[in-house]
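In case you want the letters, here they are:
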Amino acid sequence: MKLGGNVLDAVLVSLDYLVIGTMASREWKQSSFGTKIEKAIDFQKKGYGILIVSEEAWVQSLGSSS
């Protein structure tokens with residue numbers, strides 16, 4: 001990506017940011033968040049520095065970084 005990011009298909013302990021949208025899906029495990037968010041929260045509890053940010057905040061940060 002232009003600013004040095006990589007898109008991953010899975011949440012890994014090496015992940016820095018998990019960008020989440022605002023729409024929920026009935027297919028999501030807990031109806032308000034998916035398993036990727038759940039896994040990221042689990043990694044946070046274990047001390048990994050994964051930040052979960054909204055898509056809106058992510059887009060705003062891109063505007064200030066370019």
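Our subject is the structure that appears above.
Residues numbered from 1 in each chain as written. Predicted model: local features only at pLDDT ≥ 70, side-chain atom pairs only at ≥ 80, totals over all residues. Heavy atoms only, no water.

Undergrad: How would you summarise the overall build of the protein chain if you had to cite specific residues and measurements?
TA: Within the protein chain, the regular secondary structure consists of 2 helices and 2 strands. Starting at the N terminus, the α and β elements of the protein chain follow one another as β-α-β-α. Within the span of the protein chain, comprising 66 residues, buried residues form 14% of the whole. Put simply, of all contacts in the protein chain between residues at least 6 apart along the chain, 58% involve residues at least 24 apart. (Helix = DSSP H or I, 4+ residues; strand = E, 2+ residues; numbered from the N terminus. Buried < 20%, exposed > 50% of the residue type's maximum accessible area, 1.4 Å probe, protein only. Contact = heavy atoms within 4.5 Å.)

Undergrad: Describe the pattern of salt bridges, listing the residues and the values that go with them.
TA: Close approach of charged atoms lets side chains of opposite charge pair. With the rule as written, the count across this model stands at 1 salt bridge. Close ionic contact of Lys46 with Asp42 constitutes a salt bridge, the shortest N to O distance being 3.3 Å. By relative accessible area, Lys46 is classed as exposed at 55%. (Salt bridge = Lys/Arg side-chain N within 4 Å of Asp/Glu carboxyl O.)

Undergrad: Got a sec to walk through the environment of Leu8? Specific residues and values, please.
TA: With respect to the helices and strands, Leu8 occurs in the segment before strand S1 (17–20). Between the alpha carbons of Leu8 and Leu18 there is a distance of 9.6 Å; along the sequence they are 10 residues apart.

Undergrad: I'd like a description of the nonpolar core, backed by residues and values.
TA: Ranked by size, the top nonpolar core spans 7 residues in total: Val11, Leu15, Leu18, Ile37, Ala40, Phe43 and Ile50. Residue contributions to this core peak at 3 residues, all from helix H1 (residues 35–45). Not counting residues within four places of it along the chain, the set of residues in contact with Ile50 comprises Val11, Leu12, Leu15, Asp16, Leu18, Ala40, Phe43 and Gln44. (Core = buried A, V, L, I, M, F, W, Y, C linked by side-chain atoms within 4.5 Å.)

Undergrad: How would you explain the environment of Glu38 if you had to name every residue and give the values?
TA: Relative to the elements of secondary structure, Glu38 occurs in helix H1. Among the residues examined, Glu38 registers a relative accessible area of 29% and is labelled partly exposed. C-alpha separation for the pair Glu38 and Val11, spaced 27 residues apart in sequence, amounts to 9.6 Å.

Undergrad: Please give an account of a nonpolar patch on the surface that cites residues and values.
TA: On the surface, Tyr17, Val19, Leu51, Trp58 and Val59 cluster together to form a nonpolar patch covering roughly 460 Å² of accessible area. At the level of secondary structure, the elements contributing two or more residues to the nonpolar patch comprise S1 and helix H2 (55–65). Following the sequence through the fold, Val59 ends up in helix H2. (Patch = residues over 30% accessible without salt bridge, like charges linked within 9 Å, V, L, I, M, F, W, Y side chains within 5 Å. Areas by Shrake-Rupley, 256 points an atom, 1.4 Å probe, with all protein chains shown as cover.)

Undergrad: Tell me about the packing of aromatic side chains, and name the residues and values.
TA: In this description, a pair of aromatic rings is defined by centroid distance and the angle of the planes. If you walk through the whole model with that rule in mind, you get 1 aromatic pair. Each ring, one from Phe43 and one from Tyr48, has its centre 5.7 Å from the other, and the planes form 75°; the classification is edge-to-face. (Phe/Tyr/Trp six-rings, centres within 6.5 Å; stacked < 30°, edge-to-face > 60°.)

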